[in-house]
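Structural characterization, general
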Amino acid sequence: MSCLFCKIIDGSIPSTPVYQDALCYAFADINPQAPVHVLIVPREHLASLADAGAHHPALLGHLLWAAAQIAREKKLTSGYRVVLNTGHHGGQTVDHLHVHLLGGRSLAWPPG
Ligand code: 5GP
Ligand code: ZN
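None of these values were measured; they are calculated from a predicted model. (Residues numbered from 1 in each chain as written. Chains lettered and ligands numbered in written order. Predicted model: local features only at pLDDT ≥ 70, side-chain atom pairs only at ≥ 80, totals over all residues. Heavy atoms only, no water.)

Looking now at the coordination of the zinc ion (ligand 2). Coordination of the zinc ion (ligand 2) by the protein comes from Cys-3 (SG), Cys-6 (SG), His-45 (ND1) and His-96 (ND1), over a distance range of 2.0 to 2.3 Å. Taken together, the four donor atoms coordinating the zinc ion (ligand 2) and their angles of 105 to 117 degrees define a geometry best described as tetrahedral. Within one chain, the residues donating to the zinc ion (ligand 2) are spaced in sequence as C-x2-C-x38-H-x50-H. Linking His-45 in the loop between strand S3 (36-42) and helix H2 (57-73) with His-96 in the loop between strand S4 (80-83) and strand S5 (99-103), this pair joins segments that are 51 residues apart in sequence. Look at His-96 and you get buried, because its relative accessible area is 0%. (Donors = N, O, S within 2.8 Å, 3.2 Å for Na, K, Ca; no water. Tetrahedral: all angles 85-135°; square planar, octahedral: opposite > 155°, others 65-115°. Helix = DSSP H or I, 4+ residues; strand = E, 2+ residues; numbered from the N terminus. Buried < 20%, exposed > 50% of the residue type's maximum accessible area, 1.4 Å probe, protein only.)

Structure follows, in structure tokens:
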């Protein structure tokens, strides 16, 4: 198994855990773009949002709920951003679906 985030989930590559449950694992991004930058990944290997199937909506919703839960725990009361880069043009560099949670500073829009 060669997937970086699967290795992070199984612990063979170390990470800084932020939240975990039966469906997902959340950890600190190694190259943070904001004071809070957390990646939330499903335990199930799913390459990207483009590969989501008809049985995935509940899992995808769970990832968003986890992002909101982490934002509450981190006290991001001024707001935050949730990003799901998908595919080459979307800026996805790791082929295991992940939700970015960014907060702790004002974020520009639109993205580049
Ligand atoms: P993407 O560009 O695919 O949306 O985001 C991939 C993210 O994974 C990047 O923000 C990058 O910093 C992060 N990342 C890449 N390799 C590692 C790693 O080994 N550990 C952690 N914690 N984050 C990583
Ligand atoms: Zn994977």
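Don't stop here, the text continues.
Moving on, we get to the site of ligand 1. What surrounds ligand 1 is a group of 16 residues, the closest being Asp-29, Asn-85, Thr-93, His-98 and His-100. The backbone of Ala-28 places a nitrogen or oxygen atom 2.9 Å from a nitrogen atom of ligand 1. Between His-100 and ligand 1, the recorded distance is 2.8 Å, taken from a side-chain N or O atom to an oxygen atom. Calculation on ligand 1 without its partners gives an accessible area of 520 Å², and the protein chains cover 82% of this total. (Near = heavy atom within 4 Å. Polar contact = N/O pair within 3.5 Å; in protein donor to acceptor, adjacent residues only side chain to side chain. Areas by Shrake-Rupley, 256 points an atom, 1.4 Å probe, with all protein chains shown as cover.)

This next bit is on the pairing of S5. Counting buried positions along S5 yields five of five residues, so the element is predominantly enclosed. Two strands pair when backbone bridges link them, and S3 and S5 are joined in this way by five bridges, in the antiparallel orientation. Bridge pairing in S5 places Val-36 opposite Gly-103. Bridge analysis of S4 against S5 gives four bridges, and the strand direction is antiparallel. Bridge pairing in S5 links Arg-81 to Leu-102. (Pairing = 2+ DSSP bridges.)

A polar atom in the side chain of His-96 sits 2.9 Å from the backbone oxygen of Pro-42. For His-96, the contacting residues outside a window of four places in its chain are Cys-3, Phe-5, Cys-6, Ile-9, Val-41, Pro-42, Glu-44, His-45, Leu-46 and Ala-47. (Contact = heavy atoms within 4.5 Å.)

Our focus in this paragraph is the sheet that holds S5. The strand order S1-S2-S3-S5-S4 describes an open sheet built from five strands, whose pairing is antiparallel. Both edges of this open sheet fall to strand S1 (17-20) and S4, since each of them pairs with a single strand only. Recorded for the sheet is a direction-independent mean angle of 20 degrees between the axes of neighbouring strands. Strands in contact with H2 are S1, strand S2 (24-28), S3, S4 and S5; relative to S3, the strand with the most contacts, it is inclined by about 155 degrees. (Axes fitted to C-alpha atoms, helices over the stretch in contact; angles between N-to-C directions.)

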